[in-house]
Amino acid sequence: MEKLKEIFDGITLSDTESAAYRAFRGHSAKSDVRRFVKEFHYNCNDMFNRLKNGTWQEMISYRSLDKVNNNGKLRHLQSPSLRTRIYQHLFLNKVEDYYFKRDNLNGVNCKPAFGITAKTKSKSAVKRLKHYFYDCRNLNYYLIIDQRKCYDHITEKTFRRIFKRICADKKLIDFAIGVGFVDGKLPIGTPTSPLIHHIMMLWFDYLVKSMTRFSVRYADNCFLAFETKEEAQQAMWRIKNYWWYELGIRAKRHSIIIAPMDKPCDFCGFVFHRNPDKKISDHNKGYTTIRKDILKRANRCRRDESWASYFGIMQHSDSFRIMNKIEQKMKLTNLTSKIKINRHLDARNIEIKELINKKITIYDYEIRYNSQKEANWIKCLVGFEEIIEGEKTGKIVAREFHGNYQGIIQFILMCEKEYGKANILPLEDAEIENQCGYIFKGSTNQLNYIEQ
C-alpha cells in the first residue's frame, strides 16, 4: 500500500483557507466565526505561518461538555475552539481522500452519503441487513460484537503505529496526534475522531471481509453473517484477539451475540426478522421493526420538532401503525408555522357585505368560467386601511372575497377588454354597494327619471 509522503510541508495558504471555510459550515452565526471572518486573510496567514514555524500547537484548545444521550449514557465531549477546528479540517482535507480510496465499505458511519438509512444500498446499514436477512437464504447464523469504550482505549501510541502503515510523513503524523487527541485520548465530538477511528479499523475491515463478505460496521458495532455456527464462533475469537493484541481495545463482555438468522436481530436501533421456510423468490421473506425503547420514546414525545426524527427512522421499517399514530398526534398549528401552501390570492376571507362603505383597493383578481364559457365566479384580493378604536394604524389589511357577483364581473371584464389587466391594477378608491346585486359604486348608468 502506497504511503502518504511529504504532505505536511506541502500545505499552502490556500489549503488553510479551504479548511477555514469547511470549519465555518454550521457555525456561521457564532461570534468567534464572525470575528475570524472580519480579518479572514490575516487570521489564515497567521495560522499558516504557525504551521511553518512549528507553533501551531499553541492554538489548540478545547471546552469540556457533558451530555446525556437518549439511552441515558453520560458522554464527556470535547468542543474544539475555532482555530483548533480549522486545523482539524485541514488534516481531514489532506487524509480523507487517501482513506476513501482504500475503504472497502465495511464501515458506514460518519462518511459522506453513508449512514444507517443512506439512500444507496451499499452505503446503508439497514438496507444491507435487510438484504442479508431477506435474500441471502444460505446464511444461517449471525455475530454481533462491539468494542468497549473504543474512543477511550485508542491511545496516541497505538494510533501512531497504525497510521505509520499508510503515512511516511512524520510531521503529518505528529500533526494528526496534536489536533486529534486530548490528554492522550481520542475525544468524542470533534471532526477528526471518526476518521481516526476509521483509520484504526481499516485493516480490521479487511480482516472481516476475508472472513465473510456479509458484514457491516457502524462505528464500533459489528454485524457478520455466516453459513454455520462454527464460522461465527471462529470469527468472534479472531476479532476479540485482533482488537486486543493489535489495537488494545476490548470487546464488550456481555453483549456478544451468536444466534440463528431466524432469531430477531437488534442492530443500530432496528430489529430484523426473517420468516423461515421462504425462498428468495417468495413474498413476505421478513420484516423490520424498531427497537422497543425507541418506540416508547416516540409515544412519550410531545414536541413536533422530534416527530420528524422518529418518522424518518420508522419509514425504513414495517411500522405503518405507529407512523399513522404519530401523524394523528402531530400538532397542525405548529406545523403550519413552518409549512405554507403557496396559493394564488391567498388572504383571510371577508364577506362582501362587510366591504360596503369602505374605500378599497383591488390588487389582483381571478375570473373563472363555466362549461358554456360564461364568466360566473370572481375572486378579488383587496386592501383597506386598518382602523383600531377609531384610529388609523397606517397598515393596509389584506382580505379576499369571492362569489358570483355579476355586476362586478361584467364591469371588470369590460375594463380588461378596453385597457388590459396590467393597466387597470391596482384598482384604487373603489367602493361596493348593493343595487340589486353587489356592484362598484358609480359603475352603472342608472336612470333617475322616466322620460315622457
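Anything mentioned here points back to the structure above.
Counting starts from 1 at the beginning of each chain's written sequence and moves along it residue by residue. Given that this is a predicted model, residues contribute local features only at a pLDDT of at least 70 and side-chain atom pairs are listed and counted only at 80 or more, while totals for whole chains, interfaces and linings are drawn from all residues. With hydrogens and water set aside, each side-chain value is computed from the structure's full complement of heavy atoms.

(A) Highlighting the sheet that holds strand β13 (residues 391–403). A strand pair is defined by DSSP finding two or more bridges across the two strands. Runs of E in the DSSP output that reach at least two residues are strands. Runs of H or I that reach at least four are helices, and both are numbered from the N terminus. Pairing is mixed across the open sheet formed by 5 strands, whose spatial order is β10-β13-β12-β11-β14. Every interior strand has two partners, whereas the edge strands, β10 (348–349) and β14 (427–430), have only one. Examined bridge by bridge, strand β11 (residues 360–369) and strand β12 (residues 375–388) share 8 bridges and lie antiparallel to one another. From the neighbouring strand, Ile 367 faces β12, where its bridge partner is Ile 378. Whether two residues touch is decided by their heavy atoms; if any such pair falls within 4.5 Å, the residues are in contact. Throughout, an axis means a line fitted to C-alpha atoms (over the contacting stretch in the case of helices), and angles, computed between N-to-C directions, take values from 0 to 180 degrees. Its contacts with the sheet put helix α15 (residues 406–419) on β11, β12 and β13, and the angle it makes with β12 is roughly 95 degrees.

(B) Spotlight on the sheet that holds strand β8 (residues 270–274). Within the open sheet, the 3 strands sit side by side as β7-β8-β9. Their pairing is antiparallel. With one partner strand each, in any of the chains shown, β7 (265–267) and β9 (286–290) form the two edges of the open sheet. Averaged over all pairs of adjacent strands, the angle between strand axes in this sheet comes to 25 degrees, irrespective of strand direction. In the sheet, β7 pairs with β8 via 3 bridges, with the strands oriented antiparallel. Bridge assignment links Cys 265 to a residue of β8, and that residue is Phe 272.

(C) Spatial organisation of the packing of helix α1 (residues 13–24) against helix α4 (residues 82–102). Two elements in contact, α1 and α4, have axes whose closest approach is 8 Å; the angle formed by their N-to-C orientations is 115 degrees. The pairing of α1 with α4 is recorded here as roughly perpendicular in orientation. The handedness of the crossing between α1 and α4 comes out as right-handed. Where α1 abuts α4, its residues Asp 15, Thr 16, Ser 18, Ala 19, Ala 20, Arg 22, Ala 23 and Phe 24 lie against Leu 82, Arg 85, Ile 86, His 89, Leu 90, Leu 92, Asn 93, Lys 94 and Glu 96. Each residue gets one label: Ala, Val, Leu, Ile, Met, Phe, Trp, Tyr, Cys and Pro are nonpolar, Asp, Glu, Lys and Arg are charged, and the others, such as Gly, are polar. Residues of the contact of α1 with α4, tallied by class, amount to 8 nonpolar, 4 polar and 5 charged. Under this scheme an angle from 65 to 115 degrees is roughly perpendicular, one under 35 degrees roughly parallel, and one over 145 degrees roughly antiparallel; angles in between are oblique. Crossing handedness is defined as follows: a turn of the near helix away from the far one that is anticlockwise and smaller than a right angle gives a left-handed crossing, while the clockwise case is right-handed.

(D) Region of interest: the packing of aromatic side chains. Under the pairing criterion, centres of Phe, Tyr and Trp rings, with the six-membered ring standing for Trp, must be within 6.5 Å; the plane angle then separates stacked pairs below 30 degrees from edge-to-face pairs above 60, leaving the rest tilted. If you walk through the whole model with that rule in mind, you get 26 aromatic pairs. Taking 6.4 Å as the distance between ring centres and 35 degrees as the angle between the ring planes, the aromatic pair formed by Phe 270 and Phe 272 counts as tilted. Summarising the burial analysis for this pair, Phe 270 and Phe 272 share the class buried. A connected cluster of aromatic rings, assembled from ring pairs, spans Tyr 132, Phe 133, Tyr 142, Phe 214, Phe 223, Phe 267, Phe 270 and Phe 272. Only Lys NZ and Arg CZ are tested; either one counts as a charge over a ring when it is within 6 Å of the ring centre and within 35 degrees of the ring normal. Above the plane of the ring of Trp 244 lies Arg 250, whose end atom (NZ or CZ) is 4.2 Å from the centre. Taking NZ or CZ as reference, Lys 421 lies 4.4 Å from the ring centre of Tyr 365, over its face. A simple rule labels every residue: compare its accessible area, found with a 1.4 Å probe on the protein chains alone, to the largest value its type can have, and call it buried under 20%, exposed over 50%, or partly exposed in between.

(E) A look at the environment of Ile 313. Counting through the fold element by element, Ile 313 comes out in helix α12 (residues 304–314). Classification of Ile 313 as partly exposed rests on a relative accessible area of 28%. It is 8.1 Å that separates the C-alpha atoms of Ile 313 and Ile 290, two residues lying 23 residues apart in sequence. Apart from residues lying up to four places away in sequence, Ile 313 is in contact with Phe 270 and Ile 290.

(F) Summary view of the nonpolar core. Residues grouped as a nonpolar core are buried Ala, Val, Leu, Ile, Met, Phe, Trp, Tyr and Cys residues, joined through side-chain atoms within 4.5 Å. In terms of nonpolar packing, the biggest core is built from 67 residues, with Tyr 87, Phe 91, Phe 163, Phe 175 and Trp 243 touching the most fellow members. Here the element with the most residues in this core is helix α9 (residues 193–211); it accounts for 11 residues. Not counting the four nearest positions on each side in its chain, Phe 91 is found in contact with Phe 163, Leu 172, Phe 175, Ala 176, Val 179, Thr 192, Leu 195 and Ile 196. Grouped together as the second largest cluster of nonpolar side chains are 30 residues, Tyr 134, Phe 214, Phe 223 and Ala 298 included.

(G) Summary view of the environment of Val 182. On the secondary structure map, Val 182 appears in the loop between α8 (170–180) and α9. The sequence separation of Val 182 and Ser 61 amounts to 121 residues, and the corresponding C-alpha distance is 9.0 Å. Ignoring any residue separated from it by four or fewer positions in sequence, one finds Val 182 in contact with Tyr 62, Gln 78 and Pro 187.

(H) Summary view of unusual backbone geometry. The residue after Leu 425, namely Pro 426, is reached through a cis peptide bond having omega -5 degrees. The phi dihedral of Lys 373 is positive, around 60 degrees, even though this residue is not glycine. Its place among the elements puts Lys 373 in the loop between β11 and β12. Relative accessible area serves as the criterion here: at 73%, Lys 373 is assigned to the exposed category. Its identity as a non-glycine residue notwithstanding, Glu 389 has a phi of 55 degrees, on the positive side. Turning to its location among the elements, Glu 389 is positioned in the loop between β12 and β13.

(I) Main features of the layout of surface pockets. Using a 1 Å grid laid over the protein atoms alone, points where a 1.4 Å probe fits but cannot get out form a cavity; open sets with protein on both sides within 12 Å along at least 5 of 7 lines form a pocket; any residue with an atom within 4 Å of a point counts as lining. Grid points are joined across faces, edges and corners, and a volume is the space filled by probe spheres set on the points. Roughly 310 Å³ of volume is contained in the second largest pocket. Around the second largest pocket, the lining is made up of 16 residues, and of these His 27, Lys 30, Ser 79, Pro 80 and Arg 85 lie nearest the centre. Where the lining of the second largest pocket is concerned, the elements lending two or more residues are β1 (62–68), β2 (74–80) and α4. In terms of residues, the lining of the second largest pocket owes the most to one element, β2, which gives 4 residues. Of the residues in the lining of the second largest pocket, the class split is 6 nonpolar, 6 polar and 4 charged.

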